Amino acid sequence: MALFPLPDVGQDNNIRRMQMGKDEKRSVIITGSAGQIGSELSFALAKRYGADRIVVSDIRDDTEGRLEGAGRFVKLDVLSKDEFGAAVRRNNVDVIYHLAALLSAVAEGNPQKAWKINMEGLVNALEVARENRCSLFVPSSIGAFGPDTPLDDTPQDTIMRPYSMYGVTKVSGELLCDYYNRKFGVDTRGVRFPGIISNVTLPGGGTTDYAVEIFYRAILEGRYTCYLKPDTSLDMMYMPDAIKAAIEVMEADPAGLRHRNAFNVTAMHFTPEMLAAEIRKHIPGFRMEYKIDPVRQAIADSWPNFMNDSCARKEWGWAPEYDLESMTADMLEVLGKRAAEGGLEI
Ligand code: AKB
């Protein structure tokens, strides 16, 4: 017997309706727009649905310039539900991409603050979505898993007992999003992102950051000191695929979704030594050294070596475009050009 009768509200896939141009007045809001994912997803959404239908928001208003062209800017602290709700109502928002959160290493440094921002911010997003009948995307992470999880070919549905505060907030967030879907009919969806590699915005305090920093240091200095052990295997994804996942899961026909919060998605998995070897194919003299950070190493050791993302492939057609080889070649080309113009810094 179903624990809750499914309410007949909110399941109307707002983003598909917008994409089909059936409701020209509605818009999408992105929280944490200036962050690693937000600063690229905001522009991708503007390109797809029209910048006039995108509201970019961040707690820092000094980021407004960086987001110019992606949509209307609203300064928003997600810890204020009133501010959040007002921004949604004022802008006729139908779809919320809730990206404002702390990453794993920073969260471990201040667990109380991480709980507050990651969980209270999420509860506000869920309540605002419920009250205003919005669809809601919330990113989860490989951080939702823990050392008791099967770490090879990690299944979609498995043991999740993370040791890090970041992981605790991610599992709690997944459960809460599913609860709001079942109890209140809010159209909540999410993916478990692996480490994301981007050539636009640097990540801020994650465990997988090495996989971005290494490219900057390889180009600028020809060497990198890695804080994870050479054989630490983790799932990764190039930003264009991460954007694709965030958009496609929201556009998916709800009738095909058996899962919602949150889908395993991956594009590649590698170790620091494998990435260094791939970079050496382009920069033969590249040198890798190791100085292990015990906190980030412990977090990485508790995360999957590689995930099974067959549910995402089956339920909404997930298929990444970049692998280790093509991602490395593209990163080095884009960052190399920027360095040649004198504009590469870390
Ligand atoms: C982090 O390292 O904290 C993030 C993640 C995998 O969620 N990149």
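Procedures and definitions
Residues numbered from 1 in each chain as written. Predicted model: local features only at pLDDT ≥ 70, side-chain atom pairs only at ≥ 80, totals over all residues. Heavy atoms only, no water. Helix = DSSP H or I, 4+ residues; strand = E, 2+ residues; numbered from the N terminus. Contact = heavy atoms within 4.5 Å. Buried < 20%, exposed > 50% of the residue type's maximum accessible area, 1.4 Å probe, protein only. Polar contact = N/O pair within 3.5 Å; in protein donor to acceptor, adjacent residues only side chain to side chain. Domains from an automatic or database assignment. Buried area = accessible area lost by both parts, 1.4 Å probe. Salt bridge = Lys/Arg side-chain N within 4 Å of Asp/Glu carboxyl O. Nonpolar A, V, L, I, M, F, W, Y, C, P; charged D, E, K, R; others polar. Near = heavy atom within 4 Å. Phe/Tyr/Trp six-rings, centres within 6.5 Å; stacked < 30°, edge-to-face > 60°. Lys NZ or Arg CZ within 6 Å of the ring centre and 35° of its normal. Expected span 1.5 Å × (residues − 1). Arc of directions from axis to C-beta.

### Some points on the environment of Arg217
So, step 1. On the secondary structure map, Arg217 appears in helix H7 (residues 210-221).
So, step 2. Distance from Arg217 to Phe286, taken between C-alpha atoms, is 9.5 Å for residues 69 residues apart in sequence.
So, step 3. Contact partners of Arg217, with chain neighbours within four places excluded, come to Gly222, Arg223, Tyr224 and Ile346.

### Some details on the side chain of Ser233
So, step 1. For Ser233, the location among the structural elements is in the loop between strand E11 (223-226) and strand E12 (234-238).
So, step 2. Residue Ser233 is classed as buried on the basis of its relative accessible area, which comes to 14%.
So, step 3. Within polar-contact distance, the side chain of Ser233 engages the backbone oxygen of Asn305 at 2.9 Å.
So, step 4. When residues no more than four places from it in sequence are discounted, the contact partners of Ser233 are His269, Phe270, Thr271, Pro304 and Asn305.

### Some words on the domain arrangement of the protein
So, step 1. Parsing the protein into structural domains produces domain 1 (28-195 + 238-264) and domain 2 (197-236 + 268-304 + 322-340).
So, step 2. Taken together, the contacts link 26 residues of domain 1 with 28 residues of domain 2.
So, step 3. Of all residues in domain 1, Gln36, Ile142 and Tyr238 bury the most surface against domain 2, accounting for 35% of the area lost on that side.
So, step 4. Applying the counting rule to domain 1 against domain 2 returns 0 salt bridges.
So, step 5. Viewed at the interface, domain 2 and domain 1 are joined by 10 residue pairs in polar contact (both at pLDDT 80 or more).
So, step 6. Those elements that provide at least two residues to the side of domain 1 that touches domain 2 are helix H2 (38-49), helix H4 (104-109) and helix H8 (239-251).
So, step 7. Broken down by element, the side of domain 1 that touches domain 2 gets its largest block of residues, 4 residues, from H4.
So, step 8. Classifying every residue of the side of domain 1 that touches domain 2 by side-chain character gives 13 nonpolar, 9 polar and 4 charged.

### As for the site of the ligand
So, step 1. The full set of residues close to the ligand is Leu103, Ser104, Ser141, Ile142, Tyr166, Pro194, Gly195, Gly206, Thr207, Thr208 and Trp303.
So, step 2. For the ligand, an oxygen atom lies 2.7 Å from a polar atom in the backbone of Thr207.
So, step 3. Between a nitrogen atom of the ligand and a side-chain N or O atom of Thr208, the distance comes to 2.9 Å.
So, step 4. Partitioned by chemical class, the residues of the shell around the ligand number 5 nonpolar, 6 polar and no charged.
So, step 5. When residues are assigned to domains, the shell around the ligand turns out to be shared by domain 1 (28-195 + 238-264) and domain 2 (197-236 + 268-304 + 322-340), each giving three or more.

### Digging into the packing of aromatic side chains
So, step 1. Scanning the entire structure with this criterion turns up 9 aromatic pairs.
So, step 2. Between Tyr97 and Phe137 the ring centres are 5.1 Å apart and the planes differ by 40°, which places this aromatic pair in the tilted class. Taken together, the positions of Tyr97 in strand E4 (residues 93-98) and Phe137 in strand E5 (residues 135-137) put the pair 40 residues apart, joining distant regions of the chain. For the pair Tyr97 and Phe137, one class covers both residues: buried.
So, step 3. Three or more aromatic residues joined by ring pairs form one cluster here, namely Tyr97, Phe137 and Phe193.
So, step 4. For the cation-ring pair, Arg130 lies above Phe184, with the distance from its terminal atom to the ring centre recorded as 5.2 Å.
So, step 5. Stacked on the ring of Tyr227, the Lys or Arg Arg296 has its end atom at 3.5 Å from the ring centre.

### Observations regarding helix H12 (residues 324-340)
So, step 1. Its 17 residues give H12 an end-to-end C-alpha distance of 24 Å, which sits within 8% of 24 Å, the value for a rise of 1.5 Å per residue.
So, step 2. Along H12, the positions that sit buried rather than exposed are Leu324, Met327, Thr328, Met331, Leu332 and Leu335. Summarising the axial view, the buried residues of H12 lie within an arc of 120°, below the 170-degree limit, and thus occupy one face.
So, step 3. Where the residues of H12 are buried, they touch strand E10 (195-197), H7, E12, strand E14 (268-270) and helix H9 (272-280).
So, step 4. Immediately downstream of H12, the backbone of Gly342 shows phi near 80°, a positive value.

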